[in-house]
Amino acid sequence: MSTSSTFTFGDKTLEFPVKPGTIGPSVVDISKLYAGSGAFTYDPGFTSTASCESKITYIDGDEGVLLYRGYPIEQLAEHGDFLETCYLLINGELPTAAEKADFDYRVTRHTMVHDQMTRFFQGFRRDAHPMAIMVASVGALSAFYHDSTDISDETQRMIAQIRMIAKMPTLAAMAFKYSVGQPFIYPKNDLDYTSNFLRMCFAVPCEEYKVNPILSRALDRIFILHADHEQNASTSTVRLAGSSGANPFACIAAGIACLWGPAHGGANEAALKMLSEIGRPENVGKYVA
């Protein structure tokens with residue numbers, strides 16, 4: 001195919017390079033369009049626009065294809081776990097056994113949050129929406145960690161990544177516990193990532209909680225499936241906020257705010273509400289219709 005594309009605007013004819021996609025459509029590089037013609041493109045919703053170069057994720061919903069760093073999602077879900085997927089997305093390659101053990105250890109040892117964080121929750125109503133609590137609590141992390149905010153420093157980026165992956169389930173579990181009026185449950189280092197999350201959500205101090213391994217594995221696969229979704233609305237929001245060099249935890253909070261919307265992550269919430277409305281098996285047909 002041609003490696004350039006011709007564009008005519010008024011009496012000007014401009015030539016732009018064409019970059020082939022590794023998978024999927026090619027793109028026309030129009031970064032110099034304004035300089036050459038004085039015109040912008042208009043593409044609401046980025047329906048025909050690639051906002052960056054990325055080797056992380058490829059999705060073709062119509063064909064049921066989801067690739068992380070070239071690996072099919074079904075292979076990762078069958079043979080790996082969520083933290084291994086995180087390592088793959090961050091570093092571009094699957095970890096060795098030693099690298100996996102080291103990554104798991106780092107994440108596990110950072111699951112606790114500062115004890116002062118518990119006071120934030122007392123300011124919320126018990127019926128506050130969980131996404132409102134997550135926006136506030138994740139944003140509040142930026143007030144606690146000032147040693148991992150330079151995104152140009154590889155070590156600081158790594159520290160921020162580990163902290164964010166580790167503390168997110170702890171904060172989510174705290175939000176749930178607060179909503180049902182139960183005491184917070186501290187993370188436990190001898191449990192895997194999803195088992196730890198389930199325990200923090202459903203254990204109570206008055207009895208021992210045993211994690212159902214089937215539920216834990218199912219939840220881990222759900223986490224793998226949602227680990228990255230290309231340049232979607234929340235990803236783009238985090239990138240836009242991060243382009244100013246803002247605190248990475250504040251940028252993630254901005255992404256959570258975007259995820260909240262019914263046209264994005266809020267669609268999952270709507271589906272759960274519908275499941276509650278269905279109630280009985282005999283009602284399924286009506287809702288499917």
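Before any of the text, the structure's been laid out above.
Rules and cut-offs
Residues numbered from 1 in each chain as written. Predicted model: local features only at pLDDT ≥ 70, side-chain atom pairs only at ≥ 80, totals over all residues. Heavy atoms only, no water. Core = buried A, V, L, I, M, F, W, Y, C linked by side-chain atoms within 4.5 Å. Buried < 20%, exposed > 50% of the residue type's maximum accessible area, 1.4 Å probe, protein only. Helix = DSSP H or I, 4+ residues; strand = E, 2+ residues; numbered from the N terminus. Pairing = 2+ DSSP bridges. 1 Å grid on protein atoms, 1.4 Å probe; cavity = no way out; pocket = protein on both sides within 12 Å on 5 of 7 lines; lining within 4 Å. Points joined across faces, edges and corners; volume = space filled by probe spheres on them.

What about the nonpolar core?
Part 1 of the argument: Membership of the largest hydrophobic core comes to 18 residues, with the highest contact counts inside it found for M117, F121, M134, V138, L141 and L171.
Part 2 of the argument: Put simply, the parts of the chain that give this core at least two residues each are α5 (117-121), α6 (130-141), α7 (154-180) and α11 (248-259).
Part 3 of the argument: Here this core gets 6 residues from one element, more than from any other, and that element is α6.
Part 4 of the argument: Core analysis: the second largest hydrophobic core is formed by 17 residues, I73, C86, L88 and Y193 among them.

Quick word on the sheet that holds strand β4 (residues 57-60)
Part 1 of the argument: Pairing in this open sheet of 3 strands is antiparallel, and the strands run β4-β5-β6 from one edge to the other. With one partner strand each, in any of the chains shown, β4 and β6 (71-72) form the two edges of the open sheet.
Part 2 of the argument: In this sheet, β6 lies alongside strand β5 (residues 65-68) in antiparallel orientation, the contact comprising 2 bridges. Each residue of the ladder has a partner; that of Y68, found in β6, is Y71.

Here's the deal with the sheet that holds strand β3 (residues 27-28)
Part 1 of the argument: Strand order in this open sheet of 3 strands is β1-β2-β3, and the pairing throughout is antiparallel. Looking at which strands have only one partner, the edges of the open sheet turn out to be β1 (4-9) and β3.

A few points about the layout of surface pockets
Part 1 of the argument: Size it by volume and the second largest pocket reaches roughly 230 Å³.
Part 2 of the argument: Elements supplying a minimum of two residues to the lining of the second largest pocket: α4 (97-108), α8 (193-202) and α9 (213-225).
Part 3 of the argument: Among the elements that take part in the lining of the second largest pocket, α8 stands out by supplying 5 residues, more than any other.

Focus on unusual backbone geometry
Part 1 of the argument: In this structure, F46 is a non-glycine residue whose phi angle is positive, near 55 degrees.
Part 2 of the argument: Note that F46 resides in the loop between α1 (33-37) and β4.
Part 3 of the argument: Residue class for F46 comes out partly exposed when judged on its relative accessible area of 48%.
Part 4 of the argument: Positioned with a positive phi, R69 is a non-glycine residue whose angle comes to about 50 degrees.
Part 5 of the argument: Here R69 lies in the loop between β5 and β6.

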